[in-house]
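So you can see what is in the structure, the chains are spelled out below.
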Amino acid sequence: MPRELSPRLAAIVEALPLRPGLRVLEIGCGPGVAARAVARRIGEGHVLAIDRSARAIEQAMAGSAAELASGHLSFRHVAIEEFELEEGERPYDIAFAVRVGALDGRHPEAGHVARQRIRSALREGGRLYIDGGDPLREVSLDD
């Protein structure tokens, strides 16, 4: 299981407009490497990292004991097309995704549903970033 950021993921995390106190949603977190890096950068903020793969969530949790204990990082086993804020869960400031087919054009129908779910999970003015730019690009949530 990867514990350090690859150069590509490091560039993506560096490009995110992170600041202390943000609430960040990572879509398709895999083993949680980027989520841990983001959690370290936002201090008292919170990262929720989701993945459709139960195995990925197990790996992410296994490698994130300190971050989970701090309360600044959590994981959820759910596909973005099925994601909903839980009762009492505050919306997120930004969301990001790396190699997520529903958001990079590989699965257009799923992408429409995914953007709706993301829009409902972000605060007003919240922003979505995906890979495929230099190294990221912002994606409009307007349909």
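Residues numbered from 1 in each chain as written. Predicted model: local features only at pLDDT ≥ 70, side-chain atom pairs only at ≥ 80, totals over all residues. Heavy atoms only, no water.

Points about the side chain of E89
Examined against the element boundaries, E89 turns out to sit in the loop between β3 (73-77) and β4 (92-97). In this structure E89 comes out as buried when scored by relative accessible area, which is 17%. At 2.6 Å, the side chain of E89 and the side chain of Y92 are in polar contact. Leaving out residues up to four positions away in the same chain, E89 has contacts with R23, L48, R76, F83 and E84. (Helix = DSSP H or I, 4+ residues; strand = E, 2+ residues; numbered from the N terminus. Buried < 20%, exposed > 50% of the residue type's maximum accessible area, 1.4 Å probe, protein only. Polar contact = N/O pair within 3.5 Å; in protein donor to acceptor, adjacent residues only side chain to side chain. Contact = heavy atoms within 4.5 Å.)

Looking at the sheet that holds strand β2 (residues 46-51)
The six strands lie next to each other as β3-β2-β1-β4-β5-β6, forming an open sheet whose pairing is mixed. Strand pairing shows two members of the sheet lacking a second neighbour, β3 and β6 (136-139), which therefore form its edges. Between one strand axis and the next, the sheet turns by 25 degrees as a mean value, whatever way the strands run. With four bridges connecting them, strand β1 (residues 23-27) and β4 associate as parallel partners. Bridging from a neighbouring strand, E26 pairs with F96 of β4. Across the sheet, helix α3 (residues 54-62) touches β2 and β3, and the angle it forms with β3 is around 160 degrees. (Pairing = 2+ DSSP bridges. Axes fitted to C-alpha atoms, helices over the stretch in contact; angles between N-to-C directions.)

Considering the packing of helix α1 (residues 7-15) against helix α2 (residues 33-41)
Two elements in contact, α1 and α2, have axes separated by 10 Å at closest approach and are oriented at 35 degrees. Crossing angle aside, the handedness with which α1 passes α2 is right-handed. Contacts between α1 and α2 involve L9, V13 and E14 on the former and, on the latter, A34, A37, V38 and R41. Split by residue class, the contact of α1 with α2 holds five nonpolar, no polar and two charged. (Left-handed = near helix turned anticlockwise from the far one by under 90°. Nonpolar A, V, L, I, M, F, W, Y, C, P; charged D, E, K, R; others polar.)

A short note on the environment of I27
Among the structural elements, I27 can be located in strand β1. Between the C-alpha atom of I27 and that of A95, which follows or precedes it by 68 residues, the distance is 7.2 Å. Leaving out residues up to four positions away in the same chain, I27 has contacts with I50, I80, A95, F96, A97, V98, V100, L103, I118 and L128.

What to know about the packing of aromatic side chains
Scanning the entire structure with this criterion turns up zero aromatic pairs. The residue whose ring lies beneath R23 is Y92, and the NZ or CZ to ring-centre distance is 4.4 Å. (Phe/Tyr/Trp six-rings, centres within 6.5 Å; stacked < 30°, edge-to-face > 60°. Lys NZ or Arg CZ within 6 Å of the ring centre and 35° of its normal.)

Quick notes on the nonpolar core
Within the largest apolar cluster, 24 residues are counted, with the highest numbers of intra-cluster contacts made by L16, L18, V24, V38, V47, F75 and F96. Among the elements of the structure, α1, α2, β2, α3, β3 and β4 are those that each provide at least two residues to this core. When residues in this core are grouped by element, the largest group, five residues, is from α2. Beyond its immediate chain neighbours, meaning those up to four positions away, V47 contacts V24, A35, V38, A39, I42, H72, L73 and S74. Counting residues in each nonpolar core, the second largest holds 21 residues, with I50, Y92, A114 and L141 among its members. (Core = buried A, V, L, I, M, F, W, Y, C linked by side-chain atoms within 4.5 Å.)

Thoughts on the pattern of salt bridges
Per the counting criterion, the structure on display carries eleven salt bridges. The closest approach of N and O atoms between R41 and E14, which form a salt bridge, is 2.9 Å. You can see R41 sitting in helix α2 and its partner E14 sitting in helix α1, a full 27 residues away along the chain. The exposed category is assigned to E14, whose relative accessible area is 51%. With a closest N to O distance of 2.7 Å, D93 and R123 form a salt bridge. Within this pair, whereas D93 is found in strand β4, its partner R123 is found in strand β5 (residues 122-131), the two being separated by 30 residues in sequence. You can call R123 partly exposed: its relative accessible area is 35%. One connected set of salt bridges, linked through shared partners, spans R76, E86 and E89. (Salt bridge = Lys/Arg side-chain N within 4 Å of Asp/Glu carboxyl O.)

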